[in-house]
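Results of the structural survey
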Amino acid sequence: MTRKLQPGKLIAATHNKGKVVELKDLFEPLGFQVLSGLELDLDEPEETEFTFEGNALIKARTAAQATGAPALSDDSGLEVTALGGMPGVHTAIWAGEPRDFYKAMEKVERELIAIGAKDRSARFVSCLAVAWPDGHEVTFRGEVQGNLTWPPRGEMGFGYDPVFVPFGFDVTFAELEPAQKHAMSHRAVAFEKLKAALL
Ligand code: IMP
């Protein structure tokens, strides 16, 4: 039988403030006390895998081992069709250090122009991983399809939201109210799968 996640302490294994907000919004109404890697000052492990699933597991596993509590992580990114799925698992790195997402969005746009791409489709992918301190672990994947727009529009959300227009909409993720984005995002799709399996 699939192991269930019992309401109580849950570590959000991320230092990304945007993700922490989204994960708290999803889990706190269900009775979880979500503590983030940021609040607990956890070390961030190196993401050495080549898949979202692999990197999500590294983060969740490390946090579960460090805290002795079940840990949840998200590894996510933007896959641009005309760029062969890049930046993909390298999505965060494209923003450089310290993170500058305007620069990262500009880099995607520059590369699309450089290859004269007509296809501006892309998808956000989220892989949620849950790891327990005893080594048990599971992952769930969600995706949302859309088109990239330029210049960036909107002040809400985070990361690449200002250039992503989900299919069926004419506004970017950064122009949507957070509740609207949370109802349809890649993370929400992965979360629904997690909920069906673990809660
Ligand atoms: P990670 O911490 O390696 O998973 O990095 C994921 C990257 O994808 C970050 O740079 C985020 O900004 C970007 N990303 C993930 N989810 C979203 C989203 O919902 N909106 C905008 N950018 C996102």
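**Quick word on the overall build of the protein**
- Broken down by element type, the protein carries five helices and six strands.
- Going from N to C terminus, the protein has its helices and strands arranged as β-α-β-α-β-α-β-β-β-α-α.
- For the protein, whose C-alpha radius of gyration is 17 Å, the value lies close to the compact-globule estimate of 16 Å for 199 residues.
- Per-residue burial over the protein gives 46% buried out of 199 residues.
- Contacts in the protein between residues far apart in sequence, at least 24 positions, make up 59% of those at least 6 positions apart.
- The distance from the centre of the 21 positive side-chain charges to the centre of the 29 negative ones in the protein is 2 Å.

**Overview of the layout of surface pockets**
- One number sums up the size of the largest pocket: a volume of about 1000 Å³.
- Along the walls of the largest pocket sit 42 residues, with Lys19, Glu47, Lys59, Ala92 and Arg99 positioned nearest its centre.
- Elements supplying a minimum of two residues to the lining of the largest pocket: helix 1 (17-27), helix 2 (52-67), strand 3 (71-80) and helix 5 (186-198).
- Of the residues belonging to the lining of the largest pocket, the class tally is 14 nonpolar, 14 polar and 14 charged.

**Comments concerning the site of the ligand**
- As a structural note, the neighbourhood of the ligand is formed by 18 residues, with Lys19, Ser76, Asp161, Lys181 and Arg187 the closest of them.
- The contact in question runs from a nitrogen atom of the ligand to an N or O atom on the backbone of Tyr160, over 3.1 Å.
- Arg187 places a polar side-chain atom, nitrogen or oxygen, 2.6 Å from a nitrogen atom of the ligand.
- When each cavity is represented as a set of grid points, the ligand is found to reside in the largest pocket.
- Elements represented by at least two residues in the shell around the ligand include exactly strand 3 and helix 5.

**Thoughts on helix 1**
- Turning to helix 1, its buried residues are Gly18, Lys19, Val20, Glu22, Leu23, Leu26 and Phe27.
- Where helix 1 starts, the residue carrying a side-chain oxygen 2.9 Å from the main-chain nitrogen of Gly18 turns out to be Asn16.

**Some points on the sheet that holds strand 5 (residues 137-148)**
- Across the sheet, six strands lie side by side as 2-1-3-4-5-6; this open sheet has mixed pairing. The open sheet has two edge strands with one neighbour each: strand 2 (33-36) and strand 6 (164-166). Neighbour-to-neighbour, the strand axes of the sheet open up by a mean angle of 35°, direction not taken into account.
- Looking at chain direction, strand 3 and strand 4 (residues 121-131) are connected through 10 bridges and run antiparallel. What sits directly across from Ala71, in strand 4, is Ala131.
- Helix 1 contacts strand 1 (9-12), strand 2, strand 3 and strand 4 of the sheet and is inclined by roughly 120° relative to strand 3.

Cut-offs and rules
All residue numbers here refer to positions counted from 1 along the written sequence of the relevant chain. This being a predicted model, a pLDDT of at least 70 is required before a residue's local features are given, and a value of 80 or more before pairs of side-chain atoms are given or counted; all residues contribute to the totals for chains, interfaces and linings. By convention in this description, side-chain values take in all heavy atoms of the structure and omit both hydrogens and water. We count a stretch as a helix when DSSP gives it H or I for four or more residues in a row; a strand needs E for two or more, and each element gets its number in order from the N terminus. Radius of gyration means the value over C-alpha atoms here, while the globule rule gives 2.2 Å times the residue count to the 0.38 power. Exposed residues in this analysis have more than 50% of their type's maximum accessible area, buried residues have under 20%, and partly exposed residues fall in between, with area computed by a 1.4 Å probe over protein chains only. Residues are treated as being in contact if the distance between any of their heavy atoms lies within 4.5 Å. Under this rule, positive means Lys or Arg and negative means Asp or Glu; His and the chain ends count for nothing. Here the site of a charge means NZ on Lys, CZ on Arg, CG on Asp, or CD on Glu. Whether a set of points on the 1 Å grid over the protein atoms alone is a cavity depends on a 1.4 Å probe fitting there but being unable to get out, while an open set qualifies as a pocket with protein on both sides within 12 Å along at least five of seven lines; lining residues are those with an atom within 4 Å of a point. Grid points are joined across faces, edges and corners, and a volume is the space filled by probe spheres set on the points. Here the term charged refers only to Asp, Glu, Lys and Arg, the term nonpolar to Ala, Val, Leu, Ile, Met, Phe, Trp, Tyr, Cys and Pro, and the term polar to all other amino acids, Gly among them. Note on terminology: near, applied to a residue and a molecule or strand, indicates that one of the residue's heavy atoms is within 4 Å of it. Here a polar contact is recorded for every N or O atom pair within 3.5 Å, except that within protein the pair must consist of a potential hydrogen donor and a potential acceptor, and residues adjacent in sequence are included only if both atoms are side-chain atoms. In this description, a molecule resides in a pocket or cavity if more than half of its atoms sit within 2 Å of the grid points defining it. Any two strands with at least two DSSP-identified bridges between them are counted as paired. Lines fitted to the C-alpha atoms define the axes, with helices restricted to the stretch that makes contact. Angles between their N-to-C directions range from 0 to 180 degrees.

Functional significance is not addressed by these values, which are geometric in nature.
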